[in-house]
Amino acid sequence: MAVEHRQVGAGEADTEAVRRKLAHRIQRWTPEQGLQDSSLAGVGLIRSDTATSCTSSVYEPCLGFIVQGSKTLQLGDKQISYGSLSYLASSVHLPVVGQVVEASPEEPYLAVKLVVDPQEVTDLVLDLGDKAPELDPAFTCPEVSCGLCVAQMDVGMLEAVNRLVGLLETPADAPILAPLARREILYRALMGEMGARMRKFAVVDSQANRISRVIALLKDRFSEPLRIRDLAGEANMSESSLYHSFKQVTRMSPLQFQKKLRLHEARRLMLVEGLEAASASYRVGYESPSHFSREYSRMFGAPPRADVSKLRGEQRVSA
């Protein structure tokens, strides 16, 4: 019995050693707080020294690995909490509200974001063929499930992420080794506990894959009037099936999803391109600036001008 306890303790110690090494690397390459792009394509590093207020954003297809601290996400009517040594897979573009809930200057919130090209996942699923594990019978994986899911990192996944981030220290190796590290990370995710859900979005003509195509259309055409009939035709689904499946994936209706995309883009136009609120509202598809202002205030907690002024002030402070 005593031997078994020592073996478990040694394994936990190994995992903690890798976690600490990765945490040190992230801190080295994040001189500022927030999400920072790295020299590795598709790899972002995140640091926060304090808990944060709720922040709205649009997640792209990605894997997010928490190395220290914890965070909550609100996707429609679903709240997701995940902490140190867990990771999240976003299979499609999704508007979320996120909040760092555990962080301090001594132990900041640290995370790694890996942007994923859905075609990478599809190609790897095809390469795996029947090697991918069957879903544990104790769990169910519906034909269509939420586009965000969370799992725990095992030591193999943690080491793979550590190797990828470690390439920041040897940039000459990155062109050859970074694609291999990315592929290993995706492989481990697909072979892990949430791999079955990820595979459903990658399998061509599955219900989940059809919804991912609808989301891509909405992302490209969010400023146009929304017609469920047209979306259903593009996905080769009935209107009722589209609506039901879309809500399972995004935890919101197509109309709510479109509205969030519009408001995020309007915010970007005002902040980055300097547009006035009325111009931004017309650009993203609103016919009434006052209606736009009301919906903007409900989503971001302040009218457009006040919100953008606050964001610009925060940017000046962090610069």
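In case you missed it, the structure is sitting above this.
Reading the values: the criteria
- Residues numbered from 1 in each chain as written.
- Predicted model: local features only at pLDDT ≥ 70, side-chain atom pairs only at ≥ 80, totals over all residues.
- Heavy atoms only, no water.
- Helix = DSSP H or I, 4+ residues; strand = E, 2+ residues; numbered from the N terminus.
- Buried < 20%, exposed > 50% of the residue type's maximum accessible area, 1.4 Å probe, protein only.
- Contact = heavy atoms within 4.5 Å.
- 1 Å grid on protein atoms, 1.4 Å probe; cavity = no way out; pocket = protein on both sides within 12 Å on 5 of 7 lines; lining within 4 Å.
- Points joined across faces, edges and corners; volume = space filled by probe spheres on them.
- Nonpolar A, V, L, I, M, F, W, Y, C, P; charged D, E, K, R; others polar.
- Pairing = 2+ DSSP bridges.
- Salt bridge = Lys/Arg side-chain N within 4 Å of Asp/Glu carboxyl O.
- Phe/Tyr/Trp six-rings, centres within 6.5 Å; stacked < 30°, edge-to-face > 60°.

### With respect to the environment of Asn162
Now for step 1: Topologically, Asn162 is positioned in helix H3 (residues 155–166).
Now for step 2: What makes Asn162 buried here is its relative accessible area of 9%.
Now for step 3: Linking Asn162 and Ala181, residues 19 residues apart in sequence, is a C-alpha distance of 9.4 Å.
Now for step 4: Sequence-distant contacts of Asn162, that is, excluding residues within four places in its chain, are made with Val18, Lys21, Leu22 and Arg25.

### A short note on the layout of surface pockets
Unoccupied space between atoms shows up once a probe the size of one water molecule is rolled over them.
Now for step 1: The calculated volume of the second largest pocket comes to roughly 450 Å³.
Now for step 2: Lining the second largest pocket are 22 residues, with Pro61, Ser91, Val92, Pro118 and Ser212 sitting closest to its centre.
Now for step 3: Of all elements in the fold, only strand E4 (62–68), strand E7 (86–90), helix H2 (118–128), helix H5 (195–202) and helix H6 (207–220) reach the threshold of two or more residues within the lining of the second largest pocket.
Now for step 4: With five residues, the single largest contributor to the lining of the second largest pocket is H6.
Now for step 5: Residues of the lining of the second largest pocket, tallied by class, amount to 14 nonpolar, seven polar and one charged.

### Quick word on the pairing of strand E5 (residues 70–75)
Now for step 1: In terms of burial, E5 is largely enclosed, as five of its six residues are buried.
Now for step 2: Turn length for the E5-strand E6 (residues 78–83) hairpin, with the two strands adjacent in sequence and antiparallel, is two residues, and the turn residue Gly76 shows positive phi of about 60°.

### Let's talk about the pattern of salt bridges
Now for step 1: Applying the stated criterion across every chain yields a total of 17 salt bridges.
Now for step 2: The salt bridge partner of Glu60 is Lys113, with a shortest N-O separation of 2.8 Å. Of the two residues, Glu60 is situated in the loop between strand E3 (55–59) and E4 and Lys113 in strand E9 (residues 109–115); the sequence distance between them amounts to 53 residues.
Now for step 3: The partly exposed category is assigned to Glu60, whose relative accessible area is 28%.
Now for step 4: The partner of Arg188 in a salt bridge is Glu184, and the shortest N-O contact between them spans 2.9 Å. Placement of both Arg188 and Glu184 in helix H4 (residues 174–191) is noted, with a separation of four residues, approximately one turn of the helix.

### Describing the packing of aromatic side chains
Now for step 1: Throughout the structure, instances matching the rule amount to five aromatic pairs.
Now for step 2: Centroid distance Phe246 to Phe257: 5.4 Å. Interplanar angle 85°. Geometry classified as edge-to-face. A residue pair is termed long-range when its members are at least 10 positions apart, and Phe246 in helix H8 (residues 239–250) and Phe257 in helix H9 (residues 254–272) qualify at eleven residues. Each member of the pair, Phe246 together with Phe257, is buried.
Now for step 3: Ring geometry for Tyr286 versus Phe292: centroids 5.4 Å apart, planes at 65°, classification edge-to-face. Each of the two residues, Tyr286 as well as Phe292, counts as buried.
Now for step 4: Taken together through their ring pairs, the aromatic side chains of Tyr286, Phe292, Tyr296 and Phe300 make up a single cluster.

Function cannot be read off these values alone, since they describe shape.
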